[in-house]
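Each chain, written out:
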Amino acid sequence: MDAGITLLLIAAFGLMMFLVQRSEKRRRLIVFLTSLIVVELLRRYVWFRDVHSEAWTAFIVALLLNLFFWLFIGRYNPPGSSDDIQVIGMDD
């Protein structure tokens, strides 16, 4: 098993899961559909390089890392809405 490829895939899978997890509720479907493009590119890379065991290991580790993040941080700090943003210095 190649540790470098595994770390790269953990970062890629983890980032995609994290972006879907921390996106606004209204935009979550759009972010998910956009991340499917990256998933397809990663799938083609895995098949081309024949690194299936590294990919499954990376996917499971990234899933566990995102689950732990959600358990300890994400549940208590949900992502905000863009409607809640206030610009300092505006008189509105």
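Each remark here, short or long, concerns the structure printed above.
Nothing here was measured: the structure is a model prediction, and the numbers come from that model.

Novice: How would you sum up unusual backbone geometry? Please name residues and give values.
Specialist: A positive phi angle is found at D50, which is not glycine, with a value near 55°. Topologically, D50 is positioned in the loop between α2 (28-49) and α3 (52-74). Classification of D50 as exposed rests on a relative accessible area of 56%.

Novice: Quick one: what's the story with the packing of aromatic side chains, residue by residue and with numbers?
Specialist: With the rule as written, the count across this model stands at 4 aromatic pairs. Residues F13 and F59 carry aromatic rings whose centres are separated by 5.7 Å and whose planes lie at 90° to one another, so their mutual orientation is edge-to-face. Residue F13 is located in helix α1 (residues 3-21), and its partner F59 is located in helix α3; the two are separated by 46 residues in the primary sequence. Note on W56 and F59: the rings are 6.3 Å apart at their centroids and 90° apart in plane angle, and the pair reads as edge-to-face. With W56 and F59 both in helix α3 and 3 residues apart, this pair spans about one turn of that helix.

Novice: Let's hear about α2: which residues, and what values?
Specialist: Over its 22 residues, α2 runs 31 Å from end to end, which matches the ideal 32 Å to within 8%, given 1.5 Å per residue. Buried within α2 we find S35, L42 and V46. Contacts from the buried residues of α2 go to α1 and α3. Looking one or two places after α2, you find D50, whose phi comes out positive at around 55°.

Novice: Describe the packing of α1 against α3, naming the residues involved and giving the relevant values.
Specialist: It is the contact of α1 with α3, at a shortest axis distance of 8 Å, that shows an interaxial angle of 40°. What the angle tells us is that α1 and α3 run oblique. Crossing angle aside, the handedness with which α1 passes α3 is right-handed. Residues I5, T6, L9, I10, F13, G14, M17, F18 and Q21 of α1 form the contact with α3, whose participating residues are E54, A55, T57, A58, F59, V61, A62, L63, L65, N66, F69 and W70. For the contact of α1 with α3, the residue count by class is 15 nonpolar, 5 polar and 1 charged.

Novice: Provide a residue-level description of the nonpolar core, including the pertinent values.
Specialist: Formed by I5, L9, I10, F13, M16, M17, L42, V46, V51, A55, A58 and A62, the largest nonpolar core amounts to 12 residues. The set of elements that each furnish at least two residues to this core consists of α1, α2 and α3. By residue number, the principal contributor to this core is α1, which donates 6 residues.

Definitions and cut-offs
Numbering of residues begins from 1 in every chain and follows the order in which that chain's sequence is written. For this predicted model, a pLDDT threshold of at least 70 governs which residues receive local features, and a threshold of 80 or more governs which side-chain atom pairs are given and counted, while totals over whole chains, interfaces and linings are taken from all residues. Side-chain descriptors were evaluated using all non-hydrogen atoms of the structure, hydrogens and water having been removed beforehand. Runs of E in the DSSP output that reach at least two residues are strands. Runs of H or I that reach at least four are helices, and both are numbered from the N terminus. A simple rule labels every residue: compare its accessible area, found with a 1.4 Å probe on the protein chains alone, to the largest value its type can have, and call it buried under 20%, exposed over 50%, or partly exposed in between. What counts as a ring pair is set by centres within 6.5 Å for rings of Phe, Tyr and Trp (its six-membered ring), and what kind of pair is set by the plane angle: stacked under 30 degrees, edge-to-face over 60, tilted for all other angles. Here a helix's expected span is defined as the number of its residues, less one, multiplied by 1.5 Å. Whether two residues are in contact is decided by their heavy atoms: any pair within 4.5 Å suffices. Axis lines are fitted to C-alpha atoms, over the contacting stretch for helices. Their N-to-C directions set the angle, which ranges from 0 to 180 degrees. Any angle that falls under 35 degrees is termed roughly parallel, while one over 145 is termed roughly antiparallel, one within 65 to 115 roughly perpendicular, and all others oblique. Crossing chirality is assigned from the near helix's rotation relative to the far helix, an anticlockwise turn below a right angle marking it left-handed and a clockwise turn marking it right-handed. Asp, Glu, Lys and Arg are counted as charged, while Ala, Val, Leu, Ile, Met, Phe, Trp, Tyr, Cys and Pro are counted as nonpolar; the rest, among them Gly, fall into the polar class. The term nonpolar core refers to a set of buried residues drawn from Ala, Val, Leu, Ile, Met, Phe, Trp, Tyr and Cys, joined through side-chain atoms within 4.5 Å.

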